[in-house]
Amino acid sequence: GPVPPDKFIRIAENCGLIVPIGEWVLRTACSQARKWQEDGLPPVRVAVNVSAVQFRRQGFSEQVGRMLHETGLGPQYLELELTESLLLANTEVTLSVIQELKAMGLTLAIDDFGTGYSSFSYLKQFRVSRLKIDRSFIRDVAVNADDGAITAAIISMAKSLKLTVIAEGVEDEAQMTFLRAHQCHEVQGYYFSKPLAVDKVAEKLRGNALHALSANHGA
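Thresholds, definitions, all that
Residues numbered from 1 in each chain as written. Predicted model: local features only at pLDDT ≥ 70, side-chain atom pairs only at ≥ 80, totals over all residues. Heavy atoms only, no water. Helix = DSSP H or I, 4+ residues; strand = E, 2+ residues; numbered from the N terminus. Rg over C-alpha atoms; globule rule 2.2 N^0.38 Å. Buried < 20%, exposed > 50% of the residue type's maximum accessible area, 1.4 Å probe, protein only. Contact = heavy atoms within 4.5 Å. Areas by Shrake-Rupley, 256 points an atom, 1.4 Å probe, with all protein chains shown as cover. Axes fitted to C-alpha atoms, helices over the stretch in contact; angles between N-to-C directions. Parallel < 35°, antiparallel > 145°, perpendicular 65-115°, else oblique. Left-handed = near helix turned anticlockwise from the far one by under 90°. Expected span 1.5 Å × (residues − 1). Core = buried A, V, L, I, M, F, W, Y, C linked by side-chain atoms within 4.5 Å. Phe/Tyr/Trp six-rings, centres within 6.5 Å; stacked < 30°, edge-to-face > 60°.

**Re the overall build of the protein chain**
Helix and strand counts for the protein chain come out as eleven helices and six strands. A compact globule built from 219 residues should have a C-alpha radius of gyration of about 17 Å, and the protein chain, at 18 Å, falls within 12% of that. Once the C-alpha set of the protein chain is aligned to its principal axes, its extents read approximately 45 × 45 × 40 Å. Counting over 219 residues, the protein chain shows a buried share of 37%. Considering only contacts within the protein chain whose residues lie at least 6 apart along the sequence, 62% involve residues at least 24 apart. Carbon and sulfur atoms make up 54% of the accessible area of the protein chain, which amounts to about 12500 Å² in all.

Printed below as a string of structure tokens:
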């Protein structure tokens, strides 16, 4: 049956399978995003998690560029999500790869922020575009004062650094109310949608586009 990522990724990294898996995921995401555009759906940016093993492999940025070229997807529609531990290991090499990716026009995000070695210095050094607050803080954000204070502080810090901040794992109205009150830019989680198959995503994108169109006409 289905095996969640937190169960298989470490094993795949240790045995080397994460590299072909990561390549397949990246290529599939780019191809699908381009296909949605060709089908007339509104262009959306797809976010792909990148393993540290995959990222540090020589020629990674060239591989990404080749996939974009082969699939025909514009770089502005691809976002790569990196973990804090990935960023802090071998910072000179990491910075070089990040600069190459940014020069290509990709969006870079820090995933699961707050669970690793959160550091102002690397936020300044790497200059990513987006910060994702880990779900462990969001889960009880409306009822736990410490989680609320940490989340509010991350949102404020991200805005001060001109980063887009995203809350992960949003599931209920109480969490949404807190995040709205603190003007979090974006949210993701089951509150809006559970994971969907490709055809269901297309239906949702099409429905969102029609809703936006009718709202604009109504205005």
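**Some thoughts on the packing of helix α4 (residues 60-71) against helix α6 (residues 91-103)**
In contact at an axis separation of 9 Å, α4 and α6 are set at 20 degrees when each is read in the N-to-C sense. On the basis of the axis angle, α4 is roughly parallel to α6. When the axes of α4 and α6 are compared, the crossing they make is right-handed. Between α4 and α6, the residues in contact are Phe-60, Ser-61 and Val-64 and Val-97, Glu-100 and Leu-101, respectively.

**Comments concerning helix α2 (residues 18-38)**
Counted at 1.5 Å a residue, the expected span for α2 with its 21 residues is 30 Å, and the 30 Å between its end C-alpha atoms agrees. The set of residues buried in α2 consists of Ile-18, Val-19, Gly-22, Leu-26, Ala-29, Cys-30, Gln-32, Ala-33, Trp-36 and Gln-37. One or two steps after α2, the chain reaches Gly-40, where phi turns positive at roughly 90 degrees.

**Observations concerning the nonpolar core**
Among soluble globular proteins, nonpolar side chains are generally buried collectively. Phe-55, Leu-78, Leu-80, Leu-101 and Leu-131 are the most contacted members of the largest nonpolar core, which has 51 residues in total. Take this core: its biggest share by element is five residues, from α2. With near-sequence residues (within four places) excluded, Phe-55 lies in contact with Val-50, Phe-60, Leu-82, Leu-86, Thr-94, Val-97, Ile-98 and Leu-101.

**As for unusual backbone geometry**
Phi at Arg-127 takes a positive value of approximately 50 degrees, unusual for a residue other than glycine. Among the secondary structure elements, Arg-127 is positioned in the loop between α7 (120-126) and β4 (130-133). Overall, Arg-127 belongs to the exposed group, its relative accessible area being 53%. Positioned with a positive phi, Lys-162 is a non-glycine residue whose angle comes to about 60 degrees.

**Quick word on the side chain of Glu-79**
If you trace the backbone, Glu-79 turns up in strand β2 (residues 78-83). Since its relative accessible area comes to 3%, Glu-79 is described here as buried. In this structure Glu-79 touches Arg-45, Val-46, Ala-47, Val-48, Thr-107, Ala-109 and Arg-130, once residues within four positions along its chain are discounted.

**Here we look at the packing of aromatic side chains**
This model, assessed by the stated rule, comprises two aromatic pairs. For the ring pair Phe-55 and Phe-60, a centre distance of 5.7 Å and an interplane angle of 50 degrees mean the geometry is tilted. The interplanar angle of 85 degrees and the centroid separation of 5.1 Å between the aromatic rings of Tyr-191 and Phe-192 together place this pair among those described as edge-to-face. Owing to a relative accessible area of 28%, Tyr-191 belongs among the partly exposed residues under this scheme. Assessed through its relative accessible area of 46%, Phe-192 is described here as partly exposed.

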